[in-house]
Amino acid sequence: RTTQLFTYQQNSTTSLVYRLNGDEKKSWSTPTSGLGVILDIDQGAQANEASDARISEFIIYNKALSASEILKVEAYLAAKYGLTLSNADGGTGGDFVSSGGTTYWDASANTGYSNEVVVIGKDNNTALVQKQAKSTDDSLRVFVSTLAASNSTNAGTITNDQSFIALGHNGAKIFATAAVASEKPAGIYSRFAREWKIVNTNFSNTFSLEIEWDSSKTVRLADLRLLVDDDGDFSNATAYSSANGLTFSFGSIIISGISTSMIPLNSTRFITVASADAATPLPVNLVSFDAVLQDAFVMLEWTTASEINNDHFVLEKSEDGVTFTAFAQVNGAGNSNTTLTYSNADVANFSRVRYYRLSQVDFDGKKETFKIVSVSKASNSMFNVVPNPMKEEVSVLYPADEEGYYRFTILSDAGQELHSALVLTMKGENSFKFNTSSMAPGAYIFSIKNVNGFILTKKVVKYD
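Residues numbered from 1 in each chain as written. Predicted model: local features only at pLDDT ≥ 70, side-chain atom pairs only at ≥ 80, totals over all residues. Heavy atoms only, no water.

This next bit is on the overall build of the chain. Across its full length, the chain holds 2 helices and 31 strands. Taken over 464 residues, the chain has a buried fraction of 45%. Restricting to contacts in the chain with at least 6 residues of sequence separation, those with at least 24 account for 61%. Just so you have it, the chain exposes about 22400 Å², and 48% of that area is on carbon and sulfur atoms. (Helix = DSSP H or I, 4+ residues; strand = E, 2+ residues; numbered from the N terminus. Buried < 20%, exposed > 50% of the residue type's maximum accessible area, 1.4 Å probe, protein only. Contact = heavy atoms within 4.5 Å. Areas by Shrake-Rupley, 256 points an atom, 1.4 Å probe, with all protein chains shown as cover.)

This is the structure:
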């Protein structure tokens, strides 16, 4: 579900403006109604469909608000419900303005950082006391005191009226990448590519950040640092650690005790997370690792989004999922900030199930092991495509242990992806039709991948 902010302004019986998350979407100049406006929450749904929306709050005025007043109302709601206001209209679009008229997030001044804007603060005129907030993608949480189940149950306090902490990020990844490898101060091994711009407006309290970090490698909390910079170039940033009063803990990564000594009152700073040791954070960001059974061999394929100091990968296999034996080594890219795909094949000389494991080794010998995947000949026999050979339409038949969206993929015999789509799957036996009339004669690999990454495959032949 996505939270949205709708604004309807009727200046008279001949003027109506509709805004979505601060962006003007449509206006009407013809007469609408002298009695008011009917709000269609579905915004385009069929007449016989019920709304699937949950309305959290209505604010209705008996007068036409000015542009500055609308901005204040939208900022109040955006701060309360964790929304980023659109700056598509330019000017003051995307700004967060307090009831007193103070702009505490200026979108035009924060170009490149107005992503997933998060606000905590206090505004007595609107009864806003936002003690904790999270980004819409839940990658960042900001809070005073201790993070609670809801804002109302947070036991913390915010001292000053008209005080705010506002953060937005640059859209980069929440892990180390080669692109930012050199932009760090002395004594720092690596840092996140994601940067947050943080604006302190009259906010005097200590606060904390919780940053989502998908790390499968051992993270030593003592290695972590909070980098704070005043111009966005982290080459000369200040690195704060537990020695400066910060506390680092897991959940994903929680940084507690951020004070005005780090983010001064009424200042703008740039922050990111860094490591003072080569073991933290991850040198390789693995996007996927799959094993697909293709008749007499197993095709192993993995994709990385970034690599740092990556010497090579090691592929291992096991018959029981416990004892693994290395059988292949594949050179890494060293340092890379682009998506790279690797592959390797293994002979399918097993009877029922085989497990595969992927590891990555740095130039200095440090090793990271990723998740285990498996292939099964027994389960694969339950996946079928009929008729086979095929000519036009086929039926794809497969079992499922749970409901969800499964990934249906067609590969060429050489392993090139030709088609991919999500299919709604119910627990038990499933089937759907697929038209193959546009496919050239030849051999193809059809596959179904479940929500846990387990893949069923079938080799199918197309005739003219």
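From this point, the discussion proceeds with the structure in view.
Now for the sheet that holds strand β29 (residues 428–435). Pairing in this open sheet of 3 strands is antiparallel, and the strands run β25-β26-β29 from one edge to the other. Across the chains shown, the open sheet's two edge strands, defined by having one partner strand only, are β25 (384–386) and β29. Averaged over neighbouring strand pairs, the angle between their axes works out to 20° when direction is ignored. Across 3 bridges, the pairing between β25 and strand β26 (residues 393–400) is antiparallel. Paired with Val385 across the two strands is Val396, which belongs to β26. (Pairing = 2+ DSSP bridges. Axes fitted to C-alpha atoms, helices over the stretch in contact; angles between N-to-C directions.)

On to a nonpolar patch on the surface. Together, Tyr405, Leu422, Leu424 and Met426 line one region of the surface with nonpolar side chains, adding up to about 450 Å² of accessible area. Tracing the backbone shows Tyr405 in strand β27 (residues 404–412). (Patch = residues over 30% accessible without salt bridge, like charges linked within 9 Å, V, L, I, M, F, W, Y side chains within 5 Å. Salt bridge = Lys/Arg side-chain N within 4 Å of Asp/Glu carboxyl O.)

On a regular strand, each side chain points to the face opposite its neighbour's, so the side chains alternate between the two faces of the sheet. Here strand β13 (residues 207–211) runs beside strand β17 (residues 253–258); their pairing, made up of 4 bridges, is antiparallel. Along β17, the bridge assignment pairs Ile211 with Ile253. Where strand β16 (residues 247–250) and β17 come together, 4 bridges link them in antiparallel fashion. From the neighbouring strand, Phe250 faces β17, where its bridge partner is Ile253.

Moving on to the side chain of Lys122. Within the secondary structure, Lys122 is located in strand β6 (residues 115–123). For the buried residue Lys122, which engages in no salt bridge, the nearest side chain bearing the opposite charge is Asp161, 6.4 Å off. Here the side chain of Lys122 touches Ile158 through a polar contact of 3.2 Å, landing on its backbone oxygen. Apart from the residues lying within four places of it in its own chain, the contact partners of Lys122 are Leu128, Val129, Ile158, Thr159, Asn160, Asp161, Gln162, Ser163 and Phe164. (Lys, Arg positive; Asp, Glu negative; His and termini not counted. Polar contact = N/O pair within 3.5 Å; in protein donor to acceptor, adjacent residues only side chain to side chain.)

It is worth spelling out helix α1 (residues 67–81) at this point. The terminal C-alpha atoms of α1 lie 21 Å apart, and with 15 residues this matches the ideal 21 Å at 1.5 Å per residue to within 8%. Within α1, the full set of buried residues consists of Ile70, Leu71, Val73, Glu74, Ala75, Tyr76, Leu77, Ala78 and Ala79. Just beyond α1, the residue with positive phi is Gly82, at close to 70°. (Expected span 1.5 Å × (residues − 1).)

Just geometry here; none of it tells us what the structure is for.
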